[in-house]
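Breakdown of the fold
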Amino acid sequence: MKTHNISASYTEYDNIEELTSEDRDLVLAAREAAAGAYAPYSKFRVGAAVRLDKGTIVKGANVENAAYPSGICAERNALANCVTNFPDEKAVAIAIAAFTQDGAADDSVSPCGMCRQVIAEEEFRNHRKIKILLSGSQRVRIIETMKDLLPLQFNKGNLRIDHP
């Protein structure tokens, strides 16, 4: 028997002004995207903004549906938009921001399990890390790779199928 340890790390900033201008713009884009969310049931609006390797920023918001779980999370919405509309560009960062009925969520919100898996797939597919910026009303947490949020990932290698 062997025991293994898994650890994760992130950098925390007390406010958005401490970020680089590039990261600050991405967080602001995620906050703008949240404003366009359709969340009549949960009242929990989430926005995501993806920065692509050529500098393009692509936004997505959560879209709820009365026929739960037919909705889509902001992160998957934004990444699907990237794959569809910018197939030659690769995601290098994603910022996520959430708002409740009272305004910006006090603390940062981490992606759900399904979104973690989708971000992990993009890292695997493109052979590059995706920086994750989690934005609260003040504090911003930066995680350098999805492997810190989802260390034991399911990926193509688990399928034992040779796909092109």
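The notes below deal with the structure included here. All values derive from a computational prediction rather than experimental measurement.

Regarding the overall build of the chain
Secondary structure summary: the chain contains 4 helices and 7 strands in total. Along the chain direction, N to C, the helices and strands of the chain fall in the order β-α-β-β-α-β-β-α-β-β-α. Against the compact-globule benchmark of 15 Å for 164 residues, the chain has a radius of gyration of 16 Å, which places it among compact chains. The principal-axis extent of the C-alpha atoms belonging to the chain is close to 50 × 40 × 35 Å. Residue pairs in contact within the chain that sit at least 24 positions apart in sequence constitute 65% of those at least 6 positions apart. In the chain, the 20 positive side-chain charges and the 22 negative ones have mean positions that sit 5 Å from each other.

A closer look at the pairing of strand β3 (residues 57-61)
Taken together, the 5 bridges between strand β2 (residues 45-52) and β3 define a ladder with antiparallel strand orientation. Looking at β3, one finds that A49 is bridged to K59. Where β2 hands over to β3, the hairpin turn is made up of 4 residues, of which G55 adopts a positive phi near 95 degrees.

Re the pattern of salt bridges
Per the counting criterion, the structure on display carries 10 salt bridges. Salt-bridge contacts for R51 lead to E22; the nearest nitrogen and oxygen are separated by 3.8 Å. Here R51, found in strand β2, pairs with E22, found in helix α1 (residues 21-35); they are 29 residues apart in sequence, far enough to count as distant. Of the charged contacts in the structure, one is a salt bridge between D23 and R51, with a shortest N-O distance of 3.2 Å. Here D23, found in helix α1, pairs with R51, found in strand β2; they are 28 residues apart in sequence, far enough to count as distant. There is no split in this pair, since D23 and R51 are both buried. Residues participating in the shared-partner salt-bridge network are E12, D107, R139 and R141.

Side note on the packing of helix α2 (residues 74-85) against helix α3 (residues 113-126)
One way to put it is that α2 packs onto α3 with a least axis distance of 9 Å and a crossing angle of 30 degrees. Between α2 and α3, the angle is such that the two are roughly parallel. Handedness of the crossing formed by α2 with α3: left-handed. In this structure, α2 uses E75, R76, L79 and V83 to contact α3, whose residues at the interface are M114, C115, V118, I119, E122 and R125. Residues that form the contact of α2 with α3 fall into these classes: 6 nonpolar, no polar and 4 charged.

Focus on the pairing of strand β4 (residues 91-100)
Every regular strand shows the same layout, with side chains that alternate between the two sheet faces. Where burial is concerned, most of β4 is hidden: 8 out of the 10 residues are buried. One ladder, built from 2 bridges, connects β4 with strand β5 (residues 103-104); its direction is antiparallel. What sits directly across from F99, in β5, is A104. Hairpin connection between β4 and β5: a loop of 2 residues separates the two successive antiparallel strands.

A short note on a nonpolar patch on the surface
A contiguous nonpolar surface patch, about 380 Å² in accessible area, is contributed by Y38, Y41, V63 and I72. If you trace the backbone, Y41 turns up in the loop between α1 and β2.

Considering the side chain of R51
For R51, a relative accessible area of 7% gives the class buried. A distance of 3.3 Å separates the side chain of R51 from the backbone oxygen of E22, its partner in a polar contact. One polar contact links R51 to D23, side chain to side chain, over a distance of 3.2 Å. Dropping the residues within four chain positions of it, R51 is found in contact with E22, D23, L26, T56, K90, A91, V92, A93 and K131.

Criteria and thresholds
Residues numbered from 1 in each chain as written. Predicted model: local features only at pLDDT ≥ 70, side-chain atom pairs only at ≥ 80, totals over all residues. Heavy atoms only, no water. Helix = DSSP H or I, 4+ residues; strand = E, 2+ residues; numbered from the N terminus. Rg over C-alpha atoms; globule rule 2.2 N^0.38 Å. Contact = heavy atoms within 4.5 Å. Lys, Arg positive; Asp, Glu negative; His and termini not counted. Charge placed at Lys NZ, Arg CZ, Asp CG, Glu CD. Pairing = 2+ DSSP bridges. Salt bridge = Lys/Arg side-chain N within 4 Å of Asp/Glu carboxyl O. Buried < 20%, exposed > 50% of the residue type's maximum accessible area, 1.4 Å probe, protein only. Axes fitted to C-alpha atoms, helices over the stretch in contact; angles between N-to-C directions. Parallel < 35°, antiparallel > 145°, perpendicular 65-115°, else oblique. Left-handed = near helix turned anticlockwise from the far one by under 90°. Nonpolar A, V, L, I, M, F, W, Y, C, P; charged D, E, K, R; others polar. Patch = residues over 30% accessible without salt bridge, like charges linked within 9 Å, V, L, I, M, F, W, Y side chains within 5 Å. Areas by Shrake-Rupley, 256 points an atom, 1.4 Å probe, with all protein chains shown as cover. Polar contact = N/O pair within 3.5 Å; in protein donor to acceptor, adjacent residues only side chain to side chain.

Purely geometric numbers; function is a separate question.
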